[in-house]
Every structure is written in C-alpha cells, then in structure tokens.
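Okay, here's what each chain looks like letter by letter:
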Amino acid sequence: MIYAANFKTNNTKAYTKEYIDKLSNFLKANNIKDEVFVFPTFCSLDSYEVPKNLTIGAQNAYPAKNGSFTGEIGLEQIDEFGIKTLLIGHSERREIFGETQEFIAKKFNFFKELGFKIIYCIGESKEIRDEGETLEYLWSEFDGIDLEYDNLIVAYEPIWAIGTGVSATKEDIDEVLSALRTKVKAPLLYGGSVKSSNINEVLSVKDCDGVLVGSASWRVESFCDIIKEGVKA
Ligand code: PGA
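Scope of this entry: the structure provided in the associated data block. (Residues numbered from 1 in each chain as written. Predicted model: local features only at pLDDT ≥ 70, side-chain atom pairs only at ≥ 80, totals over all residues. Heavy atoms only, no water.)

## Let's talk about the pairing of strand β8 (residues 210-213)
Reasoning step 1: Here β8 shows two buried faces, one formed by Gly210 and Leu212 and the other by Val211 and Val213.
Reasoning step 2: Bridge count for strand β1 (residues 2-6) against β8 is four bridges, and the pairing is parallel. Residue pairing in the sheet places Tyr3 in a bridge with Val211 of β8.
Reasoning step 3: As defined by bridge partners, strand β7 (residues 188-191) adjoins β8 across three bridges and the pair is classed as parallel. Considered in β8, the bridge of Gly191 is made with Leu212. (Buried < 20%, exposed > 50% of the residue type's maximum accessible area, 1.4 Å probe, protein only. Helix = DSSP H or I, 4+ residues; strand = E, 2+ residues; numbered from the N terminus. Pairing = 2+ DSSP bridges.)

Listed below in structure tokens is the structure:
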C-alpha cells in the first residue's frame, strides 16, 4: 500500500524536520515496508535522511529548469534536494490557481521526460457528480497525460470530499476506481477526508492501492495512526 501526506500550506520547516524524523523512526521501529510519501511546503524541502521506503516530494514545480516565473520553483531548486517526486493536477492547483488541463499536461510531460515519479490527481466537483458526469469529467482530466508512464501514480480525490471530514463511501470509491482500472495500470490512490477511522474501509476497495491524505496527515502522530491502522488490515 501507498501512504502519501500532502501538507498543503501547513507546518514550519522546524516541525517538518521533527515530523520526518519521527515518521522515519516509526517506520523503522514497526518494520513497515509500505511506500510512504511526504509532500512538505517548498521552504521545508531539504536533504532529509530517511528510510528507503519514505520519499520526500514537492507539491508543485514550474516546468522549467529556472527562469522568470515569480512565486514558482523550478527543476534547479528541487534538484538541489534530490527531489524526484511531484504532485501534479491537485484540484486546489486547478481551482485556486487556475491551472488548465493544457498547462497541467505540459508540466506532466516536462517532468516525465526527466523520469520523475508523478502522483497525478483527478477529481470531480459536487456539481459534476450531481449531473452524473463524473467519469466523463475524470477522463477529460487525463487529456495529454501518458497513462502508460512507468512512474505514474493516480490519485482520485473527489473535490466534495476534500477537507470536508466526509469521505466518499466505499461504494463511491469502488465505482470510480474500478472504472479507472479499465484503462489505468498505475497504482490508484484515494484522497478526501481519509483518517485513521476510515482507512480500513478505504483500503478494502478492490482497486485501491493507497491513500493521499491532507488534513489528517499534518500532525505526525495522526499520519502514523493512519499507517498503523492501514497495515493492520
Ligand atoms: P483531506 O485532503 O485529506 O484534507 O481531505 C486531501 C487532499 O487534498 O489531498
């Protein structure tokens, strides 16, 4: 299983260091071999010493080595910390920052050429879901994306379940992931209000290979609880 923590705009550099140390110790002490990712804020990126199954990634990067892109970081800046893993297509990037599918595909292809591991996020709004257009919409979020890419992980995160405390039901997740599985060989994650109390239900979905966790991952104890519950199942 894959457990990924998306810090969004949370945690200081000092706490991120403490977090990564505690998480590393937890994984080692419990002999957990599942794949774990942490996506801290840009200014908390560093060269951390971590066990083999823990990877630090960047939440975003501009598709350029460097240049005049005020407020962004590029390849040169993430390279400095040996970062080779990126989140792309998160609904907050799409909605708040207006990233279009065309731009997202450009970003995807730039980092794909460099061999990055990409956690590629898709997810429908409540309106789209209410109109019964979920799958059609999700497929459109793959425009320009190479689904055969070896280093791809897909995260299905329904927007209506993100940060709301109300996760999609097992049936909802199952319906979407099994449809995605017909065309996507890459590991499939679910994200949207995942916590230790629902991790087992989420991971019991047949095509679910792991989770992308936001709010319940921001404190290290809470993220470790999710992993602890998840590996028990
Ligand atoms: P959440 O966020 O766990 O707070 O719902 C998930 C995400 O946006 O990745």
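## Thoughts on the nonpolar core
Reasoning step 1: In terms of nonpolar packing, the biggest core is built from 65 residues, with Tyr19, Leu23, Ile78 and Tyr120 touching the most fellow members.
Reasoning step 2: Top element by residues in this core is helix α1 (residues 13-29). It accounts for six residues.
Reasoning step 3: Dropping the residues within four chain positions of it, Tyr19 is found in contact with Ala5, Phe7, Val38, Ser217, Trp218, Arg219, Val220 and Phe223.
Reasoning step 4: With eleven residues, the next largest nonpolar core counts Ile2, Ala4, Cys121 and Ile153 among its residues. (Core = buried A, V, L, I, M, F, W, Y, C linked by side-chain atoms within 4.5 Å. Contact = heavy atoms within 4.5 Å.)

## Here's the deal with the side chain of Ser217
Reasoning step 1: Mapped onto the fold, Ser217 is located in the loop between β8 and α9 (220-232).
Reasoning step 2: Residues within four places of Ser217 in sequence aside, it is in contact with Ala5, Asn6, Phe7, Tyr19 and Phe223.

## Focus: the site of the ligand
Reasoning step 1: Neighbouring the ligand are 13 residues; Lys8, Glu157, Gly163, Ser193 and Ser215 lie closest to it.
Reasoning step 2: Contacts to the ligand include Lys8, whose side-chain N or O atom sits 2.7 Å from an oxygen atom.
Reasoning step 3: In the model, an oxygen atom of the ligand is placed 2.7 Å from a nitrogen or oxygen of the Glu157 side chain.
Reasoning step 4: For the ligand, the accessible surface in isolation is 280 Å², of which the surrounding protein chains cover 99%.
Reasoning step 5: Residue composition of the shell around the ligand, grouped by class: four nonpolar, seven polar and two charged. (Near = heavy atom within 4 Å. Polar contact = N/O pair within 3.5 Å; in protein donor to acceptor, adjacent residues only side chain to side chain. Areas by Shrake-Rupley, 256 points an atom, 1.4 Å probe, with all protein chains shown as cover. Nonpolar A, V, L, I, M, F, W, Y, C, P; charged D, E, K, R; others polar.)

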